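Each chain, written out:
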Amino acid sequence: MIVIKILLWIFIIPFLLGKYLEKQEDNKILYTWCLGYVMEMAVFFIVAIPMILTRAEFKALRNFYFLIILILSILSVILNREKFKNIINFKMPKISFFKVLAIFLVVLQVFIKYNFAAINNDDSSFVVLSTKMIEDGNMYHSGPNTELNSRRALAPISAYYSVLSEYLGIHVAIVTHTIMPMVFMIFGNLIYYYFGKALFNKNEDSPYIFLIFMTVLNFYYFHLIGAGAYYLKFTWFGRVIISAMLLPLLWKISLDAMNKDKNYIIDWLTILAIVLASCLGSEMALAIVSIPLIVLATIASIRNKNISYFVKSLLCVIPCVIIGIIYLKIQ
C-alpha cells in the first residue's frame, strides 16, 4: 500500500499537475513531472498561508489541500487528455558517452541520498515542527494565546512535509531526510539538463555535458557551507530548493518568457508558480527570487524595447511583496 501511495504522490500526481504549465512543444514526461512539483508547492503555499494565519488546525489544512489536489488532478486528466496521446509515441534515445556518464552521476547522487542521511542543527526546528503539527494539530504556534513563529509560518515548508508524510503514511523524518531528498536530487538534475538544453540547443550532447559539469561542480565542496555542499547534504532545505533548483528553472523559463519570438502567457504563469514555490521554501525568496527576476526583465525590456516584460515581472513578484508586508505586521 505504501508503494502505491509513493507512486501516486511522488510520480503520478506531479505529472498530472505539470500538464497545467506545459507548452505543447515541451510535452516531455520528465519535464512535465518537474513542472508538477512546482505547481504542487505553489498550490500548497496559496492554501497554507491563510490557514496558518487564521490558526486553523493541521488536519483542516491536510484535508483541504487533499481536496484541491484531487480536483486539479481529475481536471487535468479531463482537460489535457489530448496531450497524453504523445506519451505512447516513445522512441528509443541514442546512446552516447556523455549521456551514460551524466545518468551515472545522477544515479550516484540519488544513491548517496538514499544510503547516507545527513543531519543538521536545523533539524531541531524543521523536523520537530513537522512532527509537532501532526501530533497536536497546532501550526507554528503552541496554543490559541501564543504568537506565531512568523519566520517559519510564512515559509511553511515544514507543513508541506507534514502533509506529505500523512498522505504517504511514512514518518515525517524519513520523508524529510530520505524520500524528498532523492526526489529533489532527481528534480534538480533534470532542471540542469533542461536549462542546458535551452542554452545549447544546437548540439545533442551539450545538455548532458552541462549536466555533468553541474554534477561535478556540486560534488566539489568549495566551502563547508557552500552551495554544492548544501545541495548534496541538505537537499530538503527550502533555501537549497530555491538556489539549486528553482532559480535555474526560473532562468530557463525566462529565456522563453522574455524572448519576443517565444512569448507565451503560460511561461509567465510558470514564473508566478516558481515564485510561489520559492516563497514556500524560505523567506529569503522575497529577495533572492524577486531581484533576479526584475533584473532579467529590465534587461529584456531594454533589449527588446518592450516594457511589458518588466510589468509582467512586477506582477509575478506580488506574492513576495504581500508576504513581506505580512511579515512586518506580525513581527
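Residues numbered from 1 in each chain as written. Predicted model: local features only at pLDDT ≥ 70, side-chain atom pairs only at ≥ 80, totals over all residues. Heavy atoms only, no water.

Draft legend 1. Main features of the nonpolar core. One finds F44, Y140, Y160, Y161, M180 and F187 to be the most contacted residues of the largest nonpolar core, which totals 108 residues. Looking at this core, the element that brings in the most residues is helix 2 (residues 29-53), giving 17 residues. (Core = buried A, V, L, I, M, F, W, Y, C linked by side-chain atoms within 4.5 Å. Buried < 20%, exposed > 50% of the residue type's maximum accessible area, 1.4 Å probe, protein only. Helix = DSSP H or I, 4+ residues; strand = E, 2+ residues; numbered from the N terminus.)

Draft legend 2. Structural context of the environment of L70. Residue placement: L70 occurs in helix 3 (residues 58-79). Judged by relative accessible area, L70 falls into the partly exposed class, the value being 39%. Each C-alpha atom, one on L70 and one on I13, is 8.7 Å from the other, the two residues being 57 residues apart in sequence.

Draft legend 3. Examining the packing of helix 3 against helix 8 (residues 157-168) more closely. Between helix 3 and helix 8, whose axes approach to 10 Å, the crossing angle comes to 70°. It follows from the interaxial angle that helix 3 and helix 8 lie roughly perpendicular. Every residue of helix 8 that contacts helix 3 at F58, L61, R62, Y65 and F66 is listed here: A159, Y160, S162, V163, E166 and Y167. Taken together, the residues of the contact of helix 3 with helix 8 sort by class into eight nonpolar, one polar and two charged. (Axes fitted to C-alpha atoms, helices over the stretch in contact; angles between N-to-C directions. Parallel < 35°, antiparallel > 145°, perpendicular 65-115°, else oblique. Contact = heavy atoms within 4.5 Å. Nonpolar A, V, L, I, M, F, W, Y, C, P; charged D, E, K, R; others polar.)

Draft legend 4. Structural view of the packing of helix 12 (residues 238-257) against helix 13 (residues 265-281). Relative orientation of the contacting elements helix 12 and helix 13 amounts to 170°, with a least axis distance of 10 Å. Comparing the axis directions of helix 12 and helix 13 gives the class roughly antiparallel. On helix 13, the residues touching G238, R239, I242, L246, L249, L250, I253, S254, D256 and A257 of helix 12 are D267, W268, T270, I271, I274, A277, S278 and G281. Looking at side-chain class alone, the contact of helix 12 with helix 13 contains 10 nonpolar, five polar and three charged residues.

Draft legend 5. Structural detail: the side chain of S130. With respect to the helices and strands, the residue S130 is situated in helix 6 (residues 123-136). Among the polar contacts listed, one links the side chain of S130 to the backbone oxygen of S158, at a separation of 2.9 Å. Here S130 is in contact with S158, Y161, S162 and V172, once residues within four sequence places are set aside. (Polar contact = N/O pair within 3.5 Å; in protein donor to acceptor, adjacent residues only side chain to side chain.)

Draft legend 6. Layout of unusual backbone geometry. For R55, which is not glycine, the phi dihedral falls at a positive 60°. Inspection of the secondary structure puts R55 in the loop between helix 2 and helix 3. Its identity is not glycine, yet K305 carries a phi of approximately 55°, on the positive side. Looking at where K305 falls in the secondary structure, it is placed in the loop between helix 15 (290-304) and helix 16 (308-316). Judged by relative accessible area, which is 80%, K305 ranks as exposed.

Any link to function would need more than the numbers given here.
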